[in-house]
Amino acid sequence: MARRHNLYLVANMPDLQPCPLTTSPSSSCPSDGRWQFNTNVVFRSDGQLVARYHKLNLYYEQEFDTPPQPEIITFDTPFAGRFGLLVCFDILFHEPTISLVERGVRQLIFPTAWMNALPLLDSVQFQRALSLGANVTLLAANLRFNQQRMTGSGIYTPFSATYHHARKGDLEEGRLLVARIPVLDPLWVGQSMATEEPSSSQATDSGHCHQGSCFQPPTPVSPSTPTFISYMQRDPYTFVLLNETEGKLNVCYGTFCCHLQYRQLPEGNSKELYALGAFAGTHKVNGSYVLQVCALVRCAGLETSSCGQEVEEAETKMDFLLEGKFGTRYVYPSVLASHMVLEQPEHLEKTADGRMTMKHSNMTGGLVTACLYGRMYHLDPKRP
């Protein structure tokens with residue numbers, strides 16, 4: 001196909017590789033003497049195989065093996081320079097995604113079988129967030145499988161998004177996306193959005209310690225700003241309600257705090273409930289990784305217990321400024337409007353001390369989620 005159509009082709013497939021059988025307890029070689037990897041292969045325009053990447057971060061994939069060593073794989077093209085490879089769950093981890101970015105790779109290819117997880121990790125939502133936060137181009141191709149809620153693909157740059165997200169009732173079929181985008185210049189490591197980790201004192205000041213297991217509990221309820229705990233994607237967020245049509249709010253999880261200034265537009269639906277949430281800790285369900293998150297979400301109902309549940313539609317438009325001081329420079333911003341529509345944040349700013357600010361106004365649809373999703377890669381549990 002690549003040779004016939006004179007194009008570069010990336011495909012995801014299984015790959016069988018022989019491995020040395022040994023009695024060593026540290027050996028990862030299966031008893032049949034072969035590894036089976038979840039693999040991206042790359043063919044150039046003459047049909048030659050030029051790259052092969054084995055997925056590192058498996059997600060309930062008992063049929064596949066974890067490669068014995070992380071692989072950082074790139075390939076070069078005559079039309080757009082260098083590309084890096086990752087697969088699905090890899091996008092949430094330092095290896096290989098951030099290692100590629102730190103090496104100056106600014107164009108990533110991402111085949112995935114992503115199960116949408118609102119309100120923070122819908123497919124197109126996090127694809128867009130990664131592109132913005134890492135300052136890269138991301139070519140994302142998701143499966144379309146309604147039973148597993150798999151849909152949502154796109155071509156993203158730091159300043160544009162061409163994407164498709166099927167909605168309930170749509171036929172289960174594919175969609176071709178085509179976009180003309182600029183080639184991004186490689187970054188020097190010092191220019192990368194996230195090349196430094198905080199010092200020990202900075203990590204502690206952010207409500208963390210290096211073991212990743214001594215996070216401070218949510219801040220106690222204050223009479224002036226009543227807070228409550230509700231679960232969002234299985235994590236216990238500290239929330240505060242937006243009880244007025246405009247105002248300023250703060251909410252903290254331990255010493256990690258989020259700040260919001262907001263104004264609901266008059267045409268909004270007064271029956272919709274919104275909350276500002278904060279979380280700092282180890283996410284332990286369907287993977288284990290460390291987060292700091294500020295999120296403004298529409299609650300599923302009018303009860304506080306519904307805040308953090310999945311919502312796809314909203315009518316309330318809002319001008320807002322969302323801000324947090326993070327213990328990491330790896331923060332991924334997103335604004336998701338009703339019916340899975342992405343909005344480009346009006347203004348993003350990051351300071352040297354870890355403060356991240358996202359400002360947005362003139363929404364085209366009701367607000368579902370506005371999120372600053374911080375990843376504390378350096379505190380993640382060590383790989384076995």
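If you look the protein up in an unreviewed UniProt entry, it shows as Biotinidase from Lates calcarifer. The heading Catalytic activity (unreviewed entry) in the UniProt record of the protein holds the text "biocytin + H2O = biotin + L-lysine". Comment text from UniProt for the protein, heading Sequence similarities (unreviewed entry), reads "Belongs to the carbon-nitrogen hydrolase superfamily. BTD/VNN family."

Peer 1: Can you walk me through the overall build of the protein in this structure?
Peer 2: Along its length, the protein carries four helices and 21 strands. Within the protein, the fraction of its 384 residues that count as buried is 52%. Within the protein, contacts between residues separated by at least 24 positions form 66% of all contacts whose residues are at least 6 apart in sequence. Accessible surface for the protein amounts to roughly 18,200 Å². Of this, 51% is attributable to carbon and sulfur atoms.

Peer 1: How should I be thinking about the sheet that holds strand S13 (residues 256-264) in this particular structure?
Peer 2: What holds strands together in a sheet is hydrogen bonding between their backbones, with the strands either parallel or antiparallel. As summarised here, the arrangement of the five strands in space is S12-S13-S16-S20-S19, forming an open sheet in which the pairing is antiparallel. Every interior strand has two partners, whereas the edge strands, strand S12 (246-253) and strand S19 (347-350), have only one. Here the strands of the sheet are splayed against their neighbours by 10 degrees on average, with no regard to which way each runs. Relative to strand S20 (residues 355-360), S19 is paired through four bridges, and the arrangement is antiparallel. Opposite Glu-349, over in S20, you have Thr-357 as the bridge partner.

Peer 1: Looking at this structure, how should I read the sheet that holds strand S2 (residues 34-43)?
Peer 2: The strand order S1-S2-S3 describes an open sheet built from three strands, whose pairing is antiparallel. Edge positions in the sheet fall to strand S1 (9-18) and strand S3 (49-54), since each has one partner strand and no second. Neighbour to neighbour, the strand axes of the sheet diverge by 35 degrees on average, direction disregarded.

Peer 1: I'm lost on the state of the cysteines in this one. Help?
Peer 2: Disulfides are covalent bonds that connect the sulfur atoms of two cysteines. Using the criterion set out here, one finds four disulfides in the structure. Between the sulfur atoms of Cys-258 and its disulfide partner Cys-294 the distance amounts to 2.0 Å. Note on the Cys-258 and Cys-294 pair: the S-S dihedral is about -85 degrees, so by sign convention the disulfide is left-handed. Note that Cys-258 is positioned in strand S13 and Cys-294 in strand S15 (residues 289-298), a separation of 36 residues in sequence. By relative accessible area, which is 1% here, Cys-258 ends up buried. On the accessibility criterion, Cys-294 (0% relative accessible area) is buried. Two residues share a disulfide in this structure: Cys-299 and Cys-307, whose sulfurs sit 2.1 Å from each other. Residues Cys-299 and Cys-307 are joined by a disulfide whose S-S torsion is about 90 degrees; by sign, that bridge is right-handed. Relative accessible area serves as the criterion here: at 0%, Cys-299 is assigned to the buried category. Taking the relative accessible area as the measure of exposure, Cys-307 reaches 0% and is therefore buried.

Peer 1: What is the right way to look at the packing of aromatic side chains in this model?
Peer 2: Summed over all chains, the structure comprises 18 aromatic pairs. For the ring pair Phe-79 and Phe-83, a centre distance of 6.5 Å and an interplane angle of 50 degrees mean the geometry is tilted. Each residue in the set Tyr-59, Tyr-60, Phe-89, Phe-93 and Tyr-289 is aromatic and connected to the rest through ring pairs, giving one cluster. Over the ring of Phe-93 we find Arg-375, and its NZ or CZ is 5.8 Å from the ring centre.

Peer 1: Please clarify how helix H3 (residues 123-134) should be interpreted in this entry.
Peer 2: Each full turn of the α-helix corresponds to 3.6 residues, which orients residues three or four apart in the same direction. Spanning 12 residues, H3 covers 16 Å between terminal C-alpha atoms, matching the ideal 16 Å at 1.5 Å per step. Taking burial as the measure, the 12 residues of H3 include 12 buried ones, the bulk of the element. Of all the residues in H3, the buried ones are Ser-123, Val-124, Gln-125, Phe-126, Gln-127, Arg-128, Ala-129, Leu-130, Ser-131, Leu-132, Gly-133 and Ala-134. Its side-chain oxygen 3.4 Å from the backbone nitrogen of Val-124, Asp-122 forms the N-cap of H3. Where H3 ends, the next residue or the one after it, Asn-135, has phi of about 60 degrees, a positive value.

Peer 1: Whenever I open this one, the pairing of strand S4 (residues 74-77) confuses me. Can you help?
Peer 2: Where a strand is regular, its side chains alternate between the two sheet faces. Side chains Phe-75 and Thr-77 project from S4 onto a buried face, and the interleaved Thr-74 and Asp-76 project onto a face without burial. Of the strand pairs in this sheet, S4 and strand S5 (residues 81-85) are connected by four bridges, and their pairing is antiparallel. Following the sheet pairing, Phe-75 is matched in S5 by Phe-83. Here S4 folds back onto S5 in antiparallel fashion, the turn holding three residues.

Peer 1: I tried to follow the side chain of Asn-57 on my own but got confused; where do I start?
Peer 2: With respect to the helices and strands, the residue Asn-57 is situated in the loop between S3 and S4. Side-chain polar atoms of Asn-57 contact the backbone oxygen of Glu-95, separated by 2.8 Å. The contact partners of Asn-57, leaving out residues within four places of it in the chain, are Phe-89, Asp-90, Phe-93, Glu-95, Pro-96 and Arg-383.

Peer 1: Sorry if this is basic, but what is going on with the confidence of the model for the protein here?
Peer 2: A low pLDDT score tells you not to read the predicted coordinates there in detail. Of the residues in the protein, 89% have a pLDDT of 70 or more, and the chain-wide mean is 90. With pLDDT under 50 throughout, residues 194-215 is counted as low confidence; its partners more than four residues away or in other chains account for 47 contacts.

Cut-offs used in this document
Residues numbered from 1 in each chain as written. Predicted model: local features only at pLDDT ≥ 70, side-chain atom pairs only at ≥ 80, totals over all residues. Heavy atoms only, no water. UniProt positions renumbered as here; feature names shortened; annotations may be inferred. Helix = DSSP H or I, 4+ residues; strand = E, 2+ residues; numbered from the N terminus. Buried < 20%, exposed > 50% of the residue type's maximum accessible area, 1.4 Å probe, protein only. Contact = heavy atoms within 4.5 Å. Areas by Shrake-Rupley, 256 points an atom, 1.4 Å probe, with all protein chains shown as cover. Pairing = 2+ DSSP bridges. Axes fitted to C-alpha atoms, helices over the stretch in contact; angles between N-to-C directions. Disulfide = S-S within 2.5 Å. Phe/Tyr/Trp six-rings, centres within 6.5 Å; stacked < 30°, edge-to-face > 60°. Lys NZ or Arg CZ within 6 Å of the ring centre and 35° of its normal. Expected span 1.5 Å × (residues − 1). Polar contact = N/O pair within 3.5 Å; in protein donor to acceptor, adjacent residues only side chain to side chain. pLDDT = per-residue confidence, 0-100.

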